[in-house]
Amino acid sequence: MDKKLMAVGALLGALGVALGAFGAHGLKPMVTPDMLANFETGVRYHMLHALALFAADAVGARHPNSRLPALAGWLFVAGIVIFSGSLYIMALTGLRWLGAITPIGGVALVGGWLCLAVAAIRRS
């Protein structure tokens, strides 16, 4: 497994906690309830998929000849950046057109989970 993914997962987890605290304490008085909800959705998916990087590592350890777990991990990273990142920027700036790219990140997240599923089924 790509050891960089474990470090990236830990760093993304730390960033997710910091962004969650910012959203709960600093952002609340600055944005509309709708934008705050978008930000909170970004944090929720961010944290879940930071943890999913550790799942990718675990699957990779069980299937060392498969590239799928590492691909899953990098898809999770891309998904966090695109999905959660677009929600963060949208909430902070009010640029609603960013909602058009959010689903691209969602597709990356789904793709990561599908890669893990295929790796587990193949038992390679």
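As shown above, the structure is provided for reference.
None of these values were measured; they are calculated from a predicted model.

S.K.: Got a minute to help me understand helix α1 (residues 3–27) in this structure?
M.R.: Think of an α-helix as turning once every 3.6 residues; residues three or four places apart then point the same way. Compared with the 36 Å implied by 1.5 Å per residue over 25 residues, the 34 Å span of α1 between its first and last C-alpha is a close match. Here α1 has its buried residues at Leu5, Gly9, Leu12, Gly13, Gly16, Leu19, Gly23 and Leu27. For α1, the secondary structure elements touched by its buried residues are α2 (33–62) and α3 (68–93).

S.K.: Explanation requested: the environment of Ala50 in the structure shown.
M.R.: Structurally, the position occupied by Ala50 is in helix α2. Through-space distance from the C-alpha of Ala50 to that of Ala10 is 7.0 Å; in sequence the pair is 40 residues apart. With near-sequence residues (within four places) excluded, Ala50 lies in contact with Gly9, Leu12, Gly13 and Ile80.

So, how was this worked out
- Residues numbered from 1 in each chain as written.
- Predicted model: local features only at pLDDT ≥ 70, side-chain atom pairs only at ≥ 80, totals over all residues.
- Heavy atoms only, no water.
- Helix = DSSP H or I, 4+ residues; strand = E, 2+ residues; numbered from the N terminus.
- Expected span 1.5 Å × (residues − 1).
- Buried < 20%, exposed > 50% of the residue type's maximum accessible area, 1.4 Å probe, protein only.
- Contact = heavy atoms within 4.5 Å.

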